[in-house]
Amino acid sequence: MQAGYEDKLWGGRFQGDVAPDMAAFHNNAVQTAWLLEADIVGSIAHAKMLTRCGLITAQQGDALDSGLSAMLAEAKAGTLVPDGSFEDVHTFVEVKLRERIGDAAKVLHTARSRNDQVNTDMKLYARARCRQLADVLQQLMETIQTKAAQHPVPMPGYTHLQRAQAITVKHWLMAYHAMLTRDLRRVNNAIAGMDECPLGCGALAGTTHAIDRAYSAQLLDFERPHANLLDGVSDRDYLMEALAVLAIIMTHLSRLCEELVIFSSQEFAFVLLDDRYATGSSIMPQKKNPDSVELIRGKTGRVYGHLMGLLTVMKGLPLAYNKDMQEDKESFHDAMETTLSCLTVMNGIIATMSIREERLRDALRGGFMNATEAADYLVRRGVAFRDAHGIVGQTVLYAEQQQKPLEALSLQEWQQFSPLIDEAIYDNIDYAKTMHLGVKREML
Ligand code: ARG
């Protein structure tokens with residue numbers, strides 16, 4: 001037996017150990033410790049399949065099952081943790097199992113390669129985390145909906161970040177709810193796409209043993225085994241898809257963050273972030289900075305980076321497994337952790353922030369955000385919209401010179417621009433009242 005055989009899975013044809021720098025560079029058991037549970041679960045299923053197919057004895061199967069089940073319990077309790085001396089979690093599990101149950105552990109890897117094993121582990125892990133993601137997304141959606149329902153009041157709406165037309169706080173927040181609703185659908189689609197089980201594809205070419213891939217798939221709650229053996233070990237597009245979904249979620253969060261940074265500034269002061277989600281300055285005593293939302297906006301870059309990273313790792317790889325693919329793990333895990341923490345923090349930010357309705361009312365008084373509604377009124381009085389646009393444009397110019405909002409102009413002043421204008425103009429440009437007109441009702 002060659003040196004190192006006992007603690008690695010492939011010592012036989014080697015005469016020496018790997019260089020210490022190579023080991024440090026290549027080993028990833030610690031960095032992927034979060035794969036441990038999935039690896040044990042996959043191994044339990046594999047052992048059951050081997051037993052059922054008569055490839056190992058019932059006695060061996062029982063030994064594997066009880067050893068692995070005990071390890072799973074410890075992994076869950078956090079008392080079984082890989083250290084850096086192991087090449088990867090697969091090696092760690094097999095070596096630890098051997099320490100516990102002896103030689104029976106040596107039959108576990110029958111008809112399996114780490115190539116199908118690692119992809120099975122990753123798919124189990126990605127699926128579980130995506131389910132968690134769906135829950136956390138839903139939680140944020142509920143919080144947004146609750147906050148929105150409390151504020152069916154007008155606020156300035158912007159295009160080009162210039163005052164445009166009044167919207168409601170409720171409708172503003174519910175725009176993000178709508179985005180997250182699509183994100184949730186995307187997460188569920190990504191989960192639905194993780195339906196093929198790689199276990200049993202072997203290194204790339206299956207196995208001469210009469211295994212039952214459908215049974216392994218069923219045990220691990222996949223729809224079916226991979227249709228193609230080579231694809232089964234080479235497929236990482238389920239991770240790309242999930243990363244793309246994470247990137248889109250982060251885009252949505254980041255846009256919300258940008259608005260919260262702007263709206264919490266003293267120039268706007270529409271929103272007051274709770275002290276629990278802000279911090280101060282070490283030099284400027286008066287400062288209250290919106291760090292929570294800035295940090296989420298910043299972490300968006302990190303998640304995008306992981307998506308680009310995986311796409312780039314995969315783009316030039318020949319079939320089947322290549323060691324480059326080990327790079328999928330830390331990046332996917334980090335992107336998932338990052339997005340989950342951003343969603344959780346955003347949930348707290350939204351739940352605790354207050355809306356400063358008096359500031360919104362003040363802001364609506366300037367900026368002529370009811371000019372379009374004035375033109376709509378003229379249309380109802382029989383004026384063609386293009387002409388109405390011109391009339392109200394001239395009125396705005398005049399009101400600006402007078403330094404008055406449209407609603408402060410007298411009827412005589414209005415009538416200089418069109419004799420069709422009557423007292424009803426005031427109701428038709430009142431921010432709260434116009435919310436009851438036409439499709440604007442949807443904003444209440
Ligand atoms: N540690 C590898 C990874 O994380 C899994 C083992 C891959 N198989 C191999 N033949 N080296 O991707």
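Above this text sits the structure in question.
A brief structural summary.

Our next topic: the overall build of the protein. A tally of regular secondary structure across the protein gives 17 helices and 6 strands. Scaling as 2.2 N^0.38, a compact globule of 444 residues should have a C-alpha radius of gyration of about 22 Å, whereas the protein reaches 31 Å, well beyond that. Expressed along its principal axes, the backbone C-alpha trace of the protein runs to roughly 105 × 50 × 40 Å. By residue count, 48% of the 444 residues in the protein fall in the buried class.

Following both chains from N to C, one finds helix H2 (residues 36-52) and helix H5 (residues 114-149) inclined at 115 degrees, their axes separated by 8 Å at the closest point. Where H2 crosses over H5, the two elements pack in a sense that is right-handed. Across the interface between the two elements, Ala38, Asp39, Val41, Gly42 and Ser43 from H2 touch Gln117, Asp121, Leu124 and Tyr125 from H5. Residues belonging to the contact of H2 with H5 are distributed by class as follows: 4 nonpolar, 3 polar and 2 charged.

Around the ligand, the structure places Asn28, Asp88, His90, Arg114, Asn115, Val118, Tyr321, Lys323, Gln326 and Lys329. The separation between a nitrogen atom of the ligand and a polar side-chain atom of Asp88 is 3.1 Å. Residue Asn115 places a side-chain N or O atom 2.8 Å away from a nitrogen atom belonging to the ligand. When the ligand is considered free in solution it has 340 Å² of accessible area, and contact with the protein chains removes 86% of it. Per element, the largest residue contribution to the shell around the ligand is 3 residues, and it comes from H5. For the shell around the ligand, the residue count by class is 2 nonpolar, 4 polar and 4 charged.

About the thresholds
- Residues numbered from 1 in each chain as written.
- Predicted model: local features only at pLDDT ≥ 70, side-chain atom pairs only at ≥ 80, totals over all residues.
- Heavy atoms only, no water.
- Helix = DSSP H or I, 4+ residues; strand = E, 2+ residues; numbered from the N terminus.
- Rg over C-alpha atoms; globule rule 2.2 N^0.38 Å.
- Buried < 20%, exposed > 50% of the residue type's maximum accessible area, 1.4 Å probe, protein only.
- Axes fitted to C-alpha atoms, helices over the stretch in contact; angles between N-to-C directions.
- Left-handed = near helix turned anticlockwise from the far one by under 90°.
- Contact = heavy atoms within 4.5 Å.
- Nonpolar A, V, L, I, M, F, W, Y, C, P; charged D, E, K, R; others polar.
- Near = heavy atom within 4 Å.
- Polar contact = N/O pair within 3.5 Å; in protein donor to acceptor, adjacent residues only side chain to side chain.
- Areas by Shrake-Rupley, 256 points an atom, 1.4 Å probe, with all protein chains shown as cover.

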